[in-house]
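One letter stands for each residue in the lines below.
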Amino acid sequence: MTLKFTIATLLLTCASLWADPKEPQKDPQSTPLTVTRNTFMVFGNTYITKLETKTSILTSINQAVKDADIDFVIMVGELTMGATVEQFNAVKYVMENSPVPVHVTASNHDLAYDNGDWKTGKSDDYARFRKMLKIETEYSLSIGRSHFIMQSHTEKIGADFTKHELEKLEENTAYDFVYHITEASLGAEIDRKNKPLIGINGGTKEVKYHVIANRHVKMVPIENKATDIKDDYLIFKENEGFVTVDSYLDRRLDKSFKIIIDRSAGTCSVEKKSQAK
């Protein structure tokens, strides 16, 4: 019995020696890691006037989650028409009941003034905005390989914050895309020599884009008025080396753009894709 076992063991050992060598195991550290890319929704100037508005916005968000699988939402300034408590409650309702995170910035319509009129008042009450929505007016977000600079102040406070953020990012290679979110246009805080960034501003009558010094691009969505039956918005979808931007009018695809950006090379360009039919 012992002799048979010994012979069988020798045969198995020889067979293993003569067999073809196994393929070498891959080093797990040499396997490329999956890069997280973001798909997000942008509302420009919602001008919320009453609580009922929240229903339309949430309907649009839910549809974007279903159709585009968005990761989060950005609402750029002009959130409310006049910064009333009711209007802020509608914004809070959207933020608290959205199926994905909602990030916002403020603008003049969202601030309480000394005479109660955002058009003629003199005292911008950013503290009230922070208290009402329990968020900062200036902050940044790092999501995947993207960095978002969220600016509400249009004067020195906001400009200094953005300059500081951009300085930190100049030598940082961790991010493929940097976004500057503010209701106002890109201003002096953006150095034309900074590495490329994508600016997202408040809304206008039609979606627009501007390429600045062949390094930066500014996207301006359509104003999403509270009186609209259905909402207007943008969907940003990040890819390797470029971002596609789809503009929706009344929740229907209207126009598409492709932002080609290379931060290491310092280049940026935009291609307008054929208009949806």
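Above this note sits the structure.
Residues numbered from 1 in each chain as written. Predicted model: local features only at pLDDT ≥ 70, side-chain atom pairs only at ≥ 80, totals over all residues. Heavy atoms only, no water.

## A few points about the pairing of strand S11 (residues 242-249)
Most of S11 sits out of view: six of its eight residues are buried. Sheet topology note: the strand S10 (residues 233-238)/S11 ladder contains six bridges and is antiparallel. Looking at the pairing, Glu-238 lines up with Val-243 of S11. Connecting S10 to the antiparallel partner S11 that follows it, the hairpin turn spans three residues, and Gly-241 within it adopts a positive phi of roughly 85 degrees. (Buried < 20%, exposed > 50% of the residue type's maximum accessible area, 1.4 Å probe, protein only. Helix = DSSP H or I, 4+ residues; strand = E, 2+ residues; numbered from the N terminus. Pairing = 2+ DSSP bridges.)

## Some words on the pattern of salt bridges
Evaluated as defined, the whole model comprises six salt bridges. Taking the shortest distance from any N to any O, the salt bridge between Arg-145 and Asp-176 comes out at 2.9 Å. Of this pair, Arg-145 sits in the loop between strand S4 (139-143) and strand S5 (146-150) while Asp-176 is found in the loop between helix H5 (156-169) and strand S6 (177-181), placing the two residues 31 residues apart along the sequence. On the basis of relative accessibility, which here comes to 28%, the residue Arg-145 falls in the partly exposed class. Here Lys-168 ties to Glu-165 by a salt bridge, and the two come within 3.0 Å at their closest N and O atoms. Of this pair, Lys-168 and Glu-165 both sit in helix H5, separated by three residues, roughly a single helical turn. Classification of Glu-165 as buried rests on a relative accessible area of 4%. (Salt bridge = Lys/Arg side-chain N within 4 Å of Asp/Glu carboxyl O.)

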